[in-house]
Amino acid sequence: MPELAGERIYKGIPVSAGVCRGKILVLGKTELSIPHFKISEDQIPQQIKRLEQAIIETRKQLLDVQHKVNEGLGAEDASIFDAHLLVLEDRTLLDEVIRLIHKDKVNVEFAFHEVAERYAKALGAIDDDYLRERATDMRDVTSRILNNLIGRIPPIDLAKLSEPCIIISEDLAPSATALLDKKMVLGFATDVGSKTSHTAIMARSLEIPAVVGLQRASHELETGEYALLDGYNGQIVVNPTDQTLFEYGQLVRKQVNLQEKLRDVQSQPAVTLDGVRVTLSANIEQADDADSVKSFGAEGVGLFRTEYLFINRTVLPNEEEQYVAYRQIAAALKPQPVIIRTLDLGGDKFLSHLQVPQEMNPFLGWRAIRLCLEEKEIFRDQLRAILRASVEGNIKVMYPMVSCLQELEQANALVEQCKDELRAENIPFSNDLEIGVMVEIPSAALAANALAKRVKFFSIGTNDLIQYTLAVDRLNERIAHLYEPTHPAIVSLIKMTVDAAHRNGIWVGVCGEMAGDPVLAPLLLGLGVDELSVAPPLVPSIKFLIRRLKMEEAKKLADFALNCESGGEILKRAQALAKDIAPSLFENKV
Ligand code: PEP
Ligand code: MG
């Protein structure tokens with residue numbers, strides 16, 4: 001689409017489908033810009049009064065901080081603030097500000113900033129440690145006074161927005177995304193991120209159109225500007241022209257038609273044209289997602305990301321609360337299976353109240369099963385809750401981020417210990433609870449044969465498998481072009497995992513985002529994957545595609561991929577097949 005006068009286009013990475021239009025709300029612009037304007041003679045007293053009020057307010061705040069420090073740390077630390085309070089008594093500084101307001105007829109914020117900066121610079125330039133420190137005190141106090149003069153911008157509560165808007169932000173944590181109010185957030189866009197960040201995954205689950213990797217958009221866009229966000233093609237159009245709006249109107253109409261077609265297959269089975277039945281299940285983040293699992297036509301849950309029960313709260317959920325949540329979803333979907341993944345904290349998902357130390361490489365760090373095997377009390381509560389809920393009969397459990405046999409064995413030992421406890425307490429559980437592992441670390445794929453002998457199923461987490469195999473951070477937009485699901489190494493690892501599973505008589509699913517991509521799903525099926533688990537809103541299009549696919553064609557594609565040395569060539573072939581059998585899924589260009 002050509003760029004038109006008045007219209008500005010920002011291009012990023014599409015992560016959640018849909019088009020929306022509305023006013024922009026830019027989050028996190030915290031730097032204070034100092035207002036500068038001329039005033040008339042009769043406005044001078046009012047400006048001086050504002051200065052006096054800001055000084056009173058600042059004194060109150062400093063005394064309050066001093067009081068708290070005194071209580072918490074003692075009188076010696078609290079005395080630091082005496083120097084700050086002295087700055088407020090400095091008549092020379094204040095007289096200088098008042099003189100400037102009279103002389104230049106400027107507003108008080110500007111005059112104050114000019115004089116304070118001059119003082120701090122002069123003090124800082126003197127070769128004397130004591131005076132240099134006074135310059136720091138001075139800056140500290142003067143920035144407080146300026147904050148009081150300008151008025152602090154209150155932080156925006158994303159759960160309580162007063163009008164519908166498109167959120168623009170440098171970044172958005174998965175925990176913040178989970179709180180977005182769908183009625184108020186039309187869509188969102190971030191400077192950083194990529195397709196498999198948990199923020200992007202959450203946006204797809206919530207069906208909020210989203211674009212990430214826009215690089216500098218949050219610095220260049222202004223709150224209040226009118227824009228269109230295109231989650232299909234990954235762009236934001238600011239001040240869209242009538243022509244652009246018309247083109248997008250047509251795109252939305254095509255999508256409405258497609259949704260009608262997809263509704264027709266929702267209650268049909270996921271079976272290929274040549275009669276191969278595929279299990280198509282859903283990835284969920286909350287226990288109350290059961291309705292969307294059913295309404296989109298999924299067959300149970302292939303991945304329940306339980307960590308979302310733990311974030312956005314001040315205390316950890318106890319065993320009882322987790323038990324109620326797991327049992328609720330299992331009961332709602334019975335007899336279809338619900339695979340509960342044990343806690344996968346770390347990486348980009350953190351708890352504010354669990355003291356997880358800052359790490360250089362959080363995705364390679366204290367995450368998931370590694371964290372659970374050390375924080376045994378947390379893990380034990382979760383395992384007991386899952387075991388108790390397993391009386392429903394349809395629950396399975398799987399461990400994330402297993403890298404070696406020992407982790408599986410240690411986790412299983414803890415399950416056995418929990419079973420013994422429950423038996424001793426006469427609390428019922430299902431002794432047949434099936435345990436599987438996620439294969440999402442290359443070492444697990446390479447050791448799949450040994451793992452397969454000890455579990456009932458595999459679920460391949462391609463989001464992590466790709467990032468660890470290719471050494472490409474799944475959050476980093478700068479290297480997103482290197483994050484290549486069709487890389488021959490990925491194809492080989494998936495094949496190796498599938499073969500090991502089948503050799504040992506167990507089934508294998510894929511719950512990473514690859515499974516929900518209509519271009520890549522046939523490749524996975526051709527490689528022998530038995531189950532695909534995708535975000536609920538993606539279930540209908542993947543089912544639509546499967547019902548137009550012949551397994552024979554999928555196998556041919558997989559054979560080609562296994563013998564091809566280029567990820568680009570494999571992708572081209574996969575695109576050609578998907579577009580050939582289900583062209584309507586790809587009519588989303590403008
Ligand atoms: C994966 O890694 O593919 C996966 C499904 O787990 P998550 O995205 O939660 O890391
Ligand atoms: Mg993972």
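Residues numbered from 1 in each chain as written. Chains lettered and ligands numbered in written order. Predicted model: local features only at pLDDT ≥ 70, side-chain atom pairs only at ≥ 80, totals over all residues. Heavy atoms only, no water.

(A) Spatial organisation of the overall build of the chain. Secondary structure assignment for the chain yields 23 helices and 16 strands. A principal-axis box enclosing the C-alpha atoms of the chain has dimensions of 90 × 70 × 45 Å. Every one of the 590 residues in the chain was classed for burial, and the buried ones make up 52%. Taking contacts inside the chain between residues at least 6 apart in sequence as the whole, the part at least 24 apart equals 70%. When the accessible area of the chain is evaluated, it comes to approximately 26700 Å², of which 52% is carbon and sulfur surface. Separation between the mean location of the 66 positive side-chain charges and that of the 84 negative ones in the chain comes to 5 Å. (Helix = DSSP H or I, 4+ residues; strand = E, 2+ residues; numbered from the N terminus. Buried < 20%, exposed > 50% of the residue type's maximum accessible area, 1.4 Å probe, protein only. Contact = heavy atoms within 4.5 Å. Areas by Shrake-Rupley, 256 points an atom, 1.4 Å probe, with all protein chains shown as cover. Lys, Arg positive; Asp, Glu negative; His and termini not counted. Charge placed at Lys NZ, Arg CZ, Asp CG, Glu CD.)

(B) Inspection of the coordination of the magnesium ion (ligand 2) at higher detail. Distances from the magnesium ion (ligand 2) to its protein donors, E440 (OE) and D464 (OD), fall within 2.0 to 2.1 Å. With E440 in the loop between β13 (434-439) and α16 (442-446) and D464 in helix α18 (residues 462-470), this residue pair connects regions lying 24 residues apart in the sequence. Residue class for E440 comes out buried when judged on its relative accessible area of 2%. (Donors = N, O, S within 2.8 Å, 3.2 Å for Na, K, Ca; no water.)

(C) Fine view of the sheet that holds strand β7 (residues 226-230). Read across the sheet, 8 strands follow the order β1-β8-β7-β3-β4-β5-β6-β2 without closing on themselves; strand pairing throughout is mixed. The open sheet has two edge strands, β1 (8-11) and β2 (13-16), and neither has a second partner. Within the sheet, the average angular offset between the axes of one strand and its neighbour, ignoring direction, is 30 degrees. As paired elements, β7 and strand β8 (residues 235-238) share 4 bridges and run antiparallel to each other. Each bridged residue has a counterpart across the sheet, and for L229 the counterpart in β8 is I236. Contacts from helix α10 (residues 242-265) reach β3 (19-26), β7 and β8 within the one sheet, and its direction differs from that of β3 by about 125 degrees. (Pairing = 2+ DSSP bridges. Axes fitted to C-alpha atoms, helices over the stretch in contact; angles between N-to-C directions.)

(D) Layout of the site of ligand 1. H198, R305, G461, N463 and R474 are the nearest of the 17 residues found near ligand 1. One of the side-chain N or O atoms of R305 is found 2.8 Å from an oxygen atom in ligand 1. In the environment of ligand 1, an oxygen atom lies 3.4 Å from a nitrogen or oxygen atom belonging to the side chain of R367. In the complex, the protein chains occlude 100% of the 290 Å² of accessible area that ligand 1 would expose alone. (Near = heavy atom within 4 Å. Polar contact = N/O pair within 3.5 Å; in protein donor to acceptor, adjacent residues only side chain to side chain.)

(E) Looking closely at the side chain of D464. D464 gets classed as buried once you look at its relative accessible area, which sits at 2%. A polar side-chain atom of D464 sits 2.8 Å from a polar atom in the side chain of R474.

(F) Representation of helix α22 (residues 551-562). The terminal C-alpha atoms of α22 lie 16 Å apart, and with 12 residues this matches the ideal 16 Å at 1.5 Å per residue to within 8%. If you check which residues of α22 are buried, you get M551, A554, L557, A558 and A561. Each buried residue of α22 lies within a common arc of 120 degrees when the element is viewed along its axis, so the set occupies one face. For α22, exposure combined with an orientation more than 90 degrees from the buried face picks out E552 and K556. Buried residues in α22 make contact with α19 (488-503), α20 (521-526) and α23 (567-581). (Expected span 1.5 Å × (residues − 1). Arc of directions from axis to C-beta.)

(G) Seen up close, the pairing of β3. Looking at chain direction, β3 and β7 are connected through 5 bridges and run antiparallel. Bridged to C20 within β7 is L229. The pairing of β3 with strand β4 (residues 165-169) spans 3 bridges and is classified as parallel. If you follow I24 over to β4, its bridge partner there is I166.

(H) Spotlight on the packing of α22 against α23. It is at 9 Å that the axes of α22 and α23 come closest, and there the two elements cross at 170 degrees. It follows from the interaxial angle that α22 and α23 lie roughly antiparallel. Contacts between α22 and α23 involve E553, L557, F560 and A561 from the former and E569, I570, R573, A574, L577 and I581 from the latter. Classifying every residue of the contact of α22 with α23 by side-chain character gives 7 nonpolar, no polar and 3 charged. (Parallel < 35°, antiparallel > 145°, perpendicular 65-115°, else oblique. Nonpolar A, V, L, I, M, F, W, Y, C, P; charged D, E, K, R; others polar.)

(I) Spotlight on the packing of aromatic side chains. The full count for this structure, using the stated rule, is 3 aromatic pairs. When the centroid spacing of 6.4 Å and the interplanar angle of 70 degrees are considered together, the rings of F379 and Y399 count as edge-to-face. On the criterion of sequence distance, the pair formed by F379 in helix α14 (residues 376-389) and Y399 in strand β12 (residues 395-399) is long-range, its members being 20 residues apart. Comparing F379 with Y399, the two get one shared label, buried. With a centroid separation of 4.9 Å and 5 degrees between ring planes, the pair formed by F457 and W507 is classed as stacked. Here F457, found in strand β14 (residues 457-460), pairs with W507, found in strand β15 (residues 507-510); they are 50 residues apart in sequence, far enough to count as distant. The aromatic ring of Y323 is capped on one face by R388, whose charged end is 4.1 Å from the ring centroid. Positioned above the aromatic ring of F544, the side-chain terminus of R548 is 3.8 Å from the ring centre. (Phe/Tyr/Trp six-rings, centres within 6.5 Å; stacked < 30°, edge-to-face > 60°. Lys NZ or Arg CZ within 6 Å of the ring centre and 35° of its normal.)

(J) Up close: the nonpolar core. The biggest cluster of nonpolar side chains holds 137 residues, and the ones touching the most others in it are I167, F379, Y399, F458, I494 and L532. Composition of this core by domain shows at least three residues from each of domain 1 (8-30 + 156-240) and domain 3 (270-586). By size, the runner-up hydrophobic cluster in this structure holds 30 residues, among which are F81, I98, L100 and A111. (Core = buried A, V, L, I, M, F, W, Y, C linked by side-chain atoms within 4.5 Å. Domains from an automatic or database assignment.)

(K) The arrangement of the sheet that holds strand β10 (residues 301-305) in detail. Around the barrel, which closes on itself, the 8 strands sit in the order β9-β10-β11-β12-β13-β14-β15-β16 with parallel pairing between neighbours. With direction set aside, neighbouring strand axes in the sheet form an average angle of 25 degrees. Judged from the 2 bridges that link them, β15 and strand β16 (residues 531-534) form a sheet pairing that is parallel. Looking across to β16, one finds that V510 is bridged to L532. Of the strands in this sheet, β11 (338-341) and β12 are in contact with α14, which crosses β12 at around 155 degrees.

(L) The arrangement of the packing of α14 against helix α15 (residues 405-424) in detail. Between α14 and α15, the least distance of the axes is 9 Å, while the angle of their chain directions is 60 degrees. Here α15 runs oblique to α14, going by the angle between their axes. Helix-helix and strand crossings are classified by hand; for α14 and α15 the assignment is right-handed. Where α14 abuts α15, its residues K376, F379, R380, L383, R384, L387 and R388 lie against A411, L414, V415, C418, K419, E421 and L422. Considered class by class, the residues forming the contact of α14 with α15 number 8 nonpolar, no polar and 6 charged. (Left-handed = near helix turned anticlockwise from the far one by under 90°.)

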